[in-house]
Amino acid sequence: MGNRGMEDLIPLVNSLQDALSSVGQSCSLQLPQIAVVGGQSAGKSSVLESFVGRDFLPRGSGIVTRRPLILQLLSANTEYGEFLHCKEKKFTDFEEICKEIEAETCRVTGSNKGISPLPISLRIYSPHVLNLTLIDLPGITKVPIGDQPADIEYQIRDMIMQYICNENCLVLAVTPANTDLANSDALKLAKDVDPQGQRTIGVITKLDLMDGGTDARDILENRLLPLRRGYIGVVNRSQKDIDGRKDIKAALLAERKFFLSHPAYKHMAERMGTPYLQRILNQQLTNHIRDTLPTFRSHLQSQLLALKKEAEEYKNYSPDDPARRTKTLLQLVQRLAVDFEKLIEGSGDKVDTVNLSGGARINRIFHERFPYELVKIESNEGNLRREINYAIRNIHGVRTGLFTPDMAFEAIVKKQILRLKEPCMKFIDMVSQELVTTVYQCINKLSSFPTLRNETEKIISTEIREQESKCREQVMLIIDIQLAYINTKHEDFIGFTNGQQTFNQSNKKVVAGMTGNQGILGPIMQPELILAFCRNAVMQ
Ligand code: GDP
Ligand code: MG
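Residues numbered from 1 in each chain as written. Chains lettered and ligands numbered in written order. Predicted model: local features only at pLDDT ≥ 70, side-chain atom pairs only at ≥ 80, totals over all residues. Heavy atoms only, no water.

## Points about the overall build of the protein chain
Part 1 of the reasoning: Within the protein chain, the secondary structure is distributed over 17 helices and nine strands.
Part 2 of the reasoning: Across the 540 residues in the protein chain, those meeting the buried criterion constitute 43%.
Part 3 of the reasoning: Carbon and sulfur atoms make up 53% of the accessible area of the protein chain, which amounts to about 29,100 Å² in all. (Helix = DSSP H or I, 4+ residues; strand = E, 2+ residues; numbered from the N terminus. Buried < 20%, exposed > 50% of the residue type's maximum accessible area, 1.4 Å probe, protein only. Areas by Shrake-Rupley, 256 points an atom, 1.4 Å probe, with all protein chains shown as cover.)

Below you can see the structure in the form of C-alpha cells.
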C-alpha cells in the first residue's frame, strides 16, 4: 500500500467489493462501507441523487428499493455509469440507468414487490462527485401492500441488519425533520447496532417542511440525541419540484439559500447542506478505511491462508485416476454433510460471529417469528364477544335459554383453532426456506465440480420438499384432530373459573400440544376465556 495516496483508498475498497460480489455471500470479509437507512420516503434516494446531480433512482409509492444498491461514486473527467452485472455497457443516459435498476430488481425479486438481499452494483463516474461508496437499502416499512409477504417489515429489518451489524459499516441514518425525531426508524435501528453512536451519521431531511415556528436546531447541534459524528441537515427537492422537473443544480442553490437565510440555521450554514454532507462522508469513509485497514488486512491474510490450505488438499486430485477421483468426490460430499450439520446443529469450533447460522435462524423462527405470527391472529375481544353472543342467540332461536349451549362454545372454539392453520403453514414455509438457504451455503464449496454440485443440490432439495409436504400433512392432521373432538374433561378445563392465571397456563398447553413446541406463549386461543364469555353473555 506504501505509495498509495489517501484518495485511492475508496477505489481500492470498491474493487474488493466487486470481487466479493462475484464470489458470492460466502466470503465473510467485513468491508468498510456506508449504509443508508431510513423509513420509507425519508428522503434516502433524494440525498443520493443530489450527490450525483442526476435523477437516476426509481421512484414511486411503496417499496421502490427492493434490493440493496451498492453505489460507487468515482471522480472522473467524463460522466457515465456501469453495472457490475453488465460490465460491457456504458450508460450515459441516466434514465436508462434508472430502467436498468428496475429491470435488474425485477429479474431477481419478480415484479410482486418482494425483496432480495442480493445487491445490485452500480458505479458512476462523474466530474461532480467525490469518491464515495454508499449502499441504498429498502426503506423500513410497516404495512405490507399488494401481494407482499405479511412479514415484509421483518424481512427488510433483517436485510438492513445484515449490513449495519458489520462493525466496519458506517450508518447513514436518514430522518425527516417533519416527524417525531425520537421515534425515527433510522435512529432506532442505528442505536440497536451502535448503542454508543460511534459509527452513525445523522442526516435530517425535509427541514423546509417543519411547522412554522419549530426548528431542528437542537438535534443539528447534536444536543438532543447526540452522535459522535453528529448530524447534517439537508433540503432536497420536494415532490412538486420533481414533478416540475426542477434540476438538481437549482435545488442545491435553493438549499444553500435556505440555510443562509434561516434564523435557526444561519450560524451553522457552513456545516449544513448536501455538498457539505458529501465532503464529510468522503472524508469519514476515507479515514474509516484507513483506520480499519490493518485489522482488515490481517483478516484477509488469514482467509488467504485458509484457502491455500484447502487448495493444498485438492492437489492430489487427478482427473485421470478414477480411484482417486471417486475418493475426492466422496470426501467432498461427506464434508458437505458435516458442514450442513454444523450449520444446523451448531458447533463449538470456528464460531461465526458475523452471520446467524441456519440452525440459529430456525431457532429464531421458532421462538420469535412464529409466536409473533400467532399473536397477530389473536382476535379482537369485542368481535369475539359479539360472535359468542350471536352464536348463543342463533342456537336458542326463538326460545330463551337458561344455560350456555355447548354448541356455541364448540362453534366459536373451532373457528379459533382453524385460524391456526395459516400461520402454521407459513411457519413450515419459513423453516424449509431456511434449510434450502443453508444447503446453498454449504454446496458452494462444490462449485469446482459443477455436475456433482448440481446433482447433489437436486437430490437434497427434492428431499427437503418431500419432507416439507409430509410435515404440512402432519400439522394439518394435528389441527384437524383438535378440531374433531374437544375434551372438556381434560384437566386444562378444570378450574377455568379460577382466574386469568389458570387461563394463560392451560392455554399454553393447548397451543403447545398443537405445535409440539413448549416455548410458544401468548394468549392466542383461550377456550376457557371463551367459555367464561359464554357465561357472561348469558348472565347479561
Ligand atoms: P426514500 O423513500 O427515502 O428514498 O425517499 P425519497 O427520496 O424518494 O423522497 C420521498 C419524497 O419526499 C419525495 O417526494 C421527495 O421529493 C420528498 N422529499 C425528500 N426530501 C425532501 C426535502 O428535504 N424537502 C421536501 N420538501 N421534500 C423532500
Ligand atoms: Mg428510495
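So that's the structure; there's more coming.
## Examining the site of ligand 1
Part 1 of the reasoning: Around ligand 1, a shell composed of 18 residues is seen, among which S41, K44, S45, S46 and Q239 lie nearest.
Part 2 of the reasoning: Between ligand 1 and D208, the relevant distance is 2.8 Å, taken from a nitrogen atom to a side-chain nitrogen or oxygen of the residue.
Part 3 of the reasoning: N236 has a polar backbone atom sitting 2.8 Å from an oxygen atom of ligand 1.
Part 4 of the reasoning: Starting from 580 Å² of accessible surface for ligand 1 in isolation, the protein chains cover 88%.
Part 5 of the reasoning: Where the shell around ligand 1 is concerned, the elements lending two or more residues are α2 (44-52) and α7 (239-243). (Near = heavy atom within 4 Å. Polar contact = N/O pair within 3.5 Å; in protein donor to acceptor, adjacent residues only side chain to side chain.)

## Overview of helix α4 (residues 152-164)
Part 1 of the reasoning: A rise of 1.5 Å per residue sets the reference length of α4, with its 13 residues, at 18 Å; its end C-alpha atoms lie 18 Å apart and thus fit the reference within 8%.
Part 2 of the reasoning: Considered for burial, the residues of α4 that qualify are I152, I156, D158, M159, I160, M161, Y163 and I164.
Part 3 of the reasoning: Against β1 (33-38), β6 (132-136), β7 (169-176), α5 (185-193) and α11 (358-377) lie the buried residues of α4. (Expected span 1.5 Å × (residues − 1). Contact = heavy atoms within 4.5 Å.)

## Some points on helix α15 (residues 450-484)
For an α-helix the count is 3.6 residues per turn, leaving residues at separations of three or four pointing the same way.
Part 1 of the reasoning: Taking 1.5 Å per residue, 35 residues should reach 51 Å; α15 reaches 50 Å between its end C-alpha atoms and fits that length.
Part 2 of the reasoning: Listing the buried residues of α15 in full gives L452, R453, T456, E457, I464, E468, V475, I479 and L483.
Part 3 of the reasoning: Looking at the buried positions of α15, the neighbouring elements they touch are α10 (322-345), α13 (406-418) and α14 (421-443).

## Overview of the sheet that holds strand β4 (residues 86-91)
Part 1 of the reasoning: An order of β4-β3-β5-β2-β6-β1-β7-β8-β9 is seen for the nine strands of this open sheet, with the pairing classed as mixed. Unpaired on one side and paired on the other, β4 and β9 (231-233) mark the two borders of the sheet. Strand-to-strand twist of the sheet, defined as the mean angle between neighbouring strand axes without regard to direction, takes the value 25°.
Part 2 of the reasoning: Sheet topology note: the strand β3 (residues 80-83)/strand β5 (residues 120-126) ladder contains four bridges and is antiparallel. Paired with F83 across the strands is L122, a residue of β5. (Pairing = 2+ DSSP bridges. Axes fitted to C-alpha atoms, helices over the stretch in contact; angles between N-to-C directions.)

## With respect to the nonpolar core
Part 1 of the reasoning: Residues F51, F56, L73, I101, L122, L134 and L281 are the most contacted members of the largest nonpolar core, which totals 44 residues.
Part 2 of the reasoning: Per-element tally for this core: the top contributor is helix α9 (residues 274-314), with eight residues.
Part 3 of the reasoning: Apart from the residues within four sequence positions on either side, F51 is in contact with L73, H128, V129, L132, L134, T274, L277, Q278 and L281.
Part 4 of the reasoning: A35, I63, Y163 and L227 belong to the second largest nonpolar core, which has 41 residues in total. (Core = buried A, V, L, I, M, F, W, Y, C linked by side-chain atoms within 4.5 Å.)

## Brief notes about the packing of aromatic side chains
Part 1 of the reasoning: Applying the stated criterion across every chain, the model contains eight aromatic pairs.
Part 2 of the reasoning: An angle of 20° between the planes, with centres 4.8 Å apart, marks the rings of Y80 and Y125 as stacked. In this pair, Y80 sits in strand β3 while Y125 sits in strand β5, placing the two residues 45 residues apart along the sequence. Pair check on accessibility: Y80 and Y125 agree, each one buried.
Part 3 of the reasoning: Where F370 meets F427, the ring centres are 4.2 Å apart and the plane angle is 25°; that geometry is what we call stacked. Of this pair, F370 sits in helix α11 while F427 sits in helix α14, placing them 57 residues apart in sequence. (Phe/Tyr/Trp six-rings, centres within 6.5 Å; stacked < 30°, edge-to-face > 60°.)

## A few points about the packing of helix α12 (residues 381-396) against α13
Part 1 of the reasoning: Axis separation between α12 and α13 bottoms out at 9 Å; the angle between their running directions is 140°. Judged on the interaxial angle alone, α13 and α12 are oblique. Our pair here, α12 against α13, has a crossing hand that is right-handed. The residues of α13 that touch α12, namely those facing L384, E387, I388, A391, I392 and I395, are M407, A408, I412, K415 and Q416. (Parallel < 35°, antiparallel > 145°, perpendicular 65-115°, else oblique. Left-handed = near helix turned anticlockwise from the far one by under 90°.)

## Examining the pairing of β4
Part 1 of the reasoning: Summarising the sheet, β3 and β4 pair through two bridges and their orientation is antiparallel. What sits directly across from F83, in β4, is C86.
Part 2 of the reasoning: Between β3 and β4, which pair antiparallel and follow one another directly, the connecting turn spans two residues.

## Thoughts on the pairing of β6
Part 1 of the reasoning: β6 sits mainly inside the fold: five of its five residues count as buried.
Part 2 of the reasoning: Covered by surrounding structure in β6 are L132, L134 and D136 together with T133 and I135, the residues of both alternating faces.
Part 3 of the reasoning: In terms of strand pairing, strand β2 (residues 69-75) meets β6 through five bridges, oriented antiparallel. The partner of Q72 across the bridge, within β6, is T133.

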